[in-house]
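Descriptive structure summary
Below are the chains, spelled out letter by letter.
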Amino acid sequence: MLVKVGIIGVSGYTGLELVKLILNHPNFEISYLATSKGDTTLEQLHPSLTDVYNFEVDSVNIDKIAAKCSLVFLALPHKSAMSVAKELIAKDIKVIDLSADYRLELETYESAYCQHEDKENLKYSAYGLIEYFREDIKRAKVVASPGCYPTATLLGLLPFIPYLKENTPIYIDAKSGVSGAGKKLTQTNSFVNINENIFAYNPLKHRHAPEIKEKIKKLFNKDFRVNFVPHLIPVTRGELVSIYAELKDDINPIEILQKHYKNEEFIRVREIPVTIKDVAGTHFCDIFASVNEGSIFISSAIDNLLRGAASQALVAANIALGLNESAGVPKIAYVP
């Protein structure tokens, strides 16, 4: 089975990761690449691909995409993504969206982001956290691939929700490499600012907090106060999330994790604290947990550009098309 796919928003870090993954995918073939401006080539956008792979990069043309692709990855900012997605869905093209536009319930989305312009297709969307929404992904017209912070947080936290005291606070301390801030240069992600530095941004007010809270409620019908604080750290890629919560029972956290994820190929339960170096360049999520006098500490690590973006989107595409779930997914790191 050969599937012709497109990537819209190929100029960013995630777009490059998607290209590299698809080039090694046994069932996917790149048929259309686009940016908002177009009129360039892949080698010009990403010189690392010089003499490896080149392809014309167009502007977004829905009719051309529909003629060439049966599945499209959208690596666009929120709001921009939904305006393109609704046109692709109308052409019966499967969409894997890496923005926030289809991740949330309407009320949650509009309170955290902006007015939604494609309310009709929200009911045809699925949240792309693979281990928890496989069946939804199979039926969806658009898969909303989670961002890196909710991915690492939810994969670590969800196995323990039945053991936590309800209506108590959950504290999430998340640290991400600078690539998570995107390719556009700002004062925040400039070398002078980030080198030998670490800082929190949007503490307790970040838009991923209501996303995490909403998914806990959806899966377990339980309410928790989610306190989420993201940080930038001076590394290129990788993400480490530390979670603190109150237990209602005495538990063995490693046994719970091992039982919960025993059939999951890309979840690795660790018996020592996890590190970002061990997952960089792979699709793995490593998780560790420990308890002390009624409190639990959970730590998870992922590659923010892969498990937190490109490879998670790729696995969602595999599931949506009925392919081998792990097709094209890296197990051995290809970056230092």
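What you see is a predicted model; the values in this text were computed from it and never measured.

1. A closer look at the overall build of the protein
Of regular secondary structure, the protein possesses 11 helices and 15 strands. Taken over C-alpha atoms, the radius of gyration comes to 19 Å for the protein, in line with the 20 Å a tight globule of 336 residues would show. Burial statistics for the protein: of 336 residues in total, 56% are counted as buried. Considering only contacts within the protein whose residues lie at least 6 apart along the sequence, 70% involve residues at least 24 apart.

2. Focus: helix 7 (residues 148-157)
Of all 10 residues making up helix 7, 10 are buried, and the element is well covered by its neighbours. Every buried residue of helix 7 is listed here: Cys148, Tyr149, Pro150, Thr151, Ala152, Thr153, Leu154, Leu155, Gly156 and Leu157.

3. Regarding the environment of Pro169
Mapped onto the fold, Pro169 is located in strand 9 (residues 169-176). In this structure, the C-alpha to C-alpha distance between Pro169 and Phe266, residues 97 residues apart in sequence, is 29 Å. Setting aside its immediate chain neighbours within four residues, Pro169 contacts Arg225, Asn227, Tyr244, Ala245 and Glu246.

4. A short note on the pattern of salt bridges
It is possible for side chains bearing opposite charge to pair when their charged atoms get close. All told, the structure shown has 19 salt bridges when counted by the stated rule. Close ionic contact of Lys165 with Glu246 constitutes a salt bridge, the shortest N to O distance being 3.9 Å. Of this pair, Lys165 sits in the loop between helix 7 and strand 9 while Glu246 sits in strand 12 (residues 239-246), and the two are 81 residues apart along the sequence. On the accessibility criterion, Glu246 (32% relative accessible area) is partly exposed. In this structure, Lys217 and Asp223 form a salt bridge, with 3.2 Å as the shortest nitrogen-oxygen distance. Because the salt bridges share partners, they merge into one network encompassing Glu17, Lys20, Arg237 and Asp303.

5. Thoughts on the environment of Gly38
Tracing the backbone through its elements, the reader meets Gly38 in the loop between strand 2 (28-34) and strand 3 (40-41). The class of Gly38 is buried, set by a relative accessible area of 10%. Among all residues touching Gly38, those that are not within four sequence positions of it are Val57, Asp58 and Ser59.

6. Some thoughts on the sheet that holds strand 4 (residues 56-58)
Spatially, the eight strands line up as an open sheet ordered 3-4-2-1-5-6-8-7, and their pairing is mixed. Taken across any chain shown, the strands that pair with only one partner, and hence form the sheet edges, are strand 3 and strand 7 (125-127). As defined by bridge partners, strand 3 adjoins strand 4 across two bridges and the pair is classed as antiparallel. Opposite Thr40, over in strand 4, you have Val57 as the bridge partner. Sheet contacts for helix 4 (residues 80-90): strand 1 (3-8), strand 5 (71-74), strand 6 (94-97) and strand 8 (142-144); angle to strand 5, the most-contacted strand, approximately 175 degrees.

7. Topic: the sheet that holds strand 12
Pairing in this open sheet of seven strands is mixed, and the strands run 10-11-9-12-15-14-13 from one edge to the other. Only two strands of the sheet have a single neighbouring strand rather than two, namely strand 10 (199-200) and strand 13 (267-269). Strand direction decides the pairing type here: strand 14 (residues 285-292) and strand 15 (residues 295-302), joined by seven bridges, are antiparallel. Its bridge partner being in strand 15, Val291 is matched across the sheet by Ile296. In this fold helix 10 (residues 253-260) packs onto strand 13, strand 14 and strand 15, with an angle of close to 150 degrees to the strand it touches most, strand 14.

8. Looking at the pairing of strand 1
Most of strand 1 sits inside the fold, with five of its six residues counted as buried. Sheet topology places strand 1 next to strand 2; six bridges connect them, and they run parallel. Across the sheet, residue Val5 finds its bridge partner in strand 2, namely Ile30. Handedness of the strand 1-helix 1 (residues 13-23)-strand 2 crossover: right-handed. The pairing of strand 1 with strand 5 spans four bridges and is classified as parallel.

9. Here we look at the packing of aromatic side chains
One pair of aromatic rings is described through two measures. These are the centre distance and the angle between the planes. Following the criterion strictly, the structure yields eight aromatic pairs and no others. With 6.2 Å between their ring centres and 20 degrees between their planes, Tyr53 and Phe55 make a pair best called stacked. Each residue in the set Tyr244, Phe288 and Phe297 is aromatic and connected to the rest through ring pairs, giving one cluster. Of note, Lys215 hangs over the ring of Tyr127, and the distance from its end group to the ring centre comes to 4.2 Å.

10. Some details on the packing of helix 7 against helix 9 (residues 208-220)
Relative placement of two packed helices is described by the angle separating their axes and the distance separating the axes. Axis separation between helix 7 and helix 9 bottoms out at 10 Å; the angle between their running directions is 35 degrees. With respect to the hand of their crossing, helix 7 and helix 9 are arranged in right-handed fashion. Seen from helix 7, the contacting residues are Tyr149, Pro150, Thr153, Leu154 and Leu157; seen from helix 9, they are His208, Glu211, Ile212, Lys215 and Ile216. Partitioned by chemical class, the residues of the contact of helix 7 with helix 9 number six nonpolar, two polar and two charged.

11. What about the environment of Ser80?
Tracing the chain through its elements places Ser80 in helix 4. Its relative accessible area of 36% is what places Ser80 among the partly exposed residues. Put simply, Ser80 and Ser36 are 44 residues apart on the chain and 9.8 Å apart in space, counted from C-alpha to C-alpha.

Criteria and cut-off values
Throughout this document, residue positions are counted from 1 along each chain, in the order its sequence is written. Restriction of local features to residues with pLDDT of at least 70 applies here, the model being predicted, together with a cutoff of 80 or more for giving and counting side-chain atom pairs; totals for whole chains, interfaces and linings are based on all residues. Water and hydrogen atoms were dropped before computing side-chain values, which therefore reflect all heavy atoms in the structure. Helix and strand definitions here come from DSSP, where helices need a minimum of 4 consecutive H or I residues and strands a minimum of 2 consecutive E residues; each element is numbered from the N-terminal end. Put simply, the radius of gyration uses C-alpha atoms, and a globule should come to 2.2 Å times the residue count raised to 0.38. Relative accessibility decides the category of a residue: with a 1.4 Å probe and only protein chains considered, values under 20% of the type maximum give buried, values over 50% give exposed, and everything between is partly exposed. Note on contacts: a residue pair qualifies if any of its non-hydrogen atoms lie within 4.5 Å across the two residues. A pairing counts as a salt bridge when a side-chain nitrogen of Lys or Arg comes within 4 Å of a carboxyl oxygen of Asp or Glu. Strand pairing is defined by DSSP finding a minimum of two bridges between the two strands. Axis lines are fitted to C-alpha atoms, over the contacting stretch for helices. Their N-to-C directions set the angle, which ranges from 0 to 180 degrees. For the handedness criterion, the strands are oriented away from the viewer, and a crossover whose path from the first strand over the helix to the second runs clockwise is classed as right-handed. Put simply, two rings from Phe, Tyr or Trp (the six-membered ring, in Trp's case) pair if the centres are within 6.5 Å, and we call them stacked under 30 degrees between planes, edge-to-face over 60, tilted for the rest. Lysine NZ or arginine CZ positioned within 6 Å of the ring centre and within 35 degrees of the ring normal marks a charge as sitting over the ring. Crossing handedness is read from the near helix: turned anticlockwise from the far helix by less than a right angle, it gives a left-handed crossing, and turned clockwise, a right-handed one. Charged residues are taken to be Asp, Glu, Lys and Arg, nonpolar residues to be Ala, Val, Leu, Ile, Met, Phe, Trp, Tyr, Cys and Pro, and polar residues to be all remaining types, Gly included.

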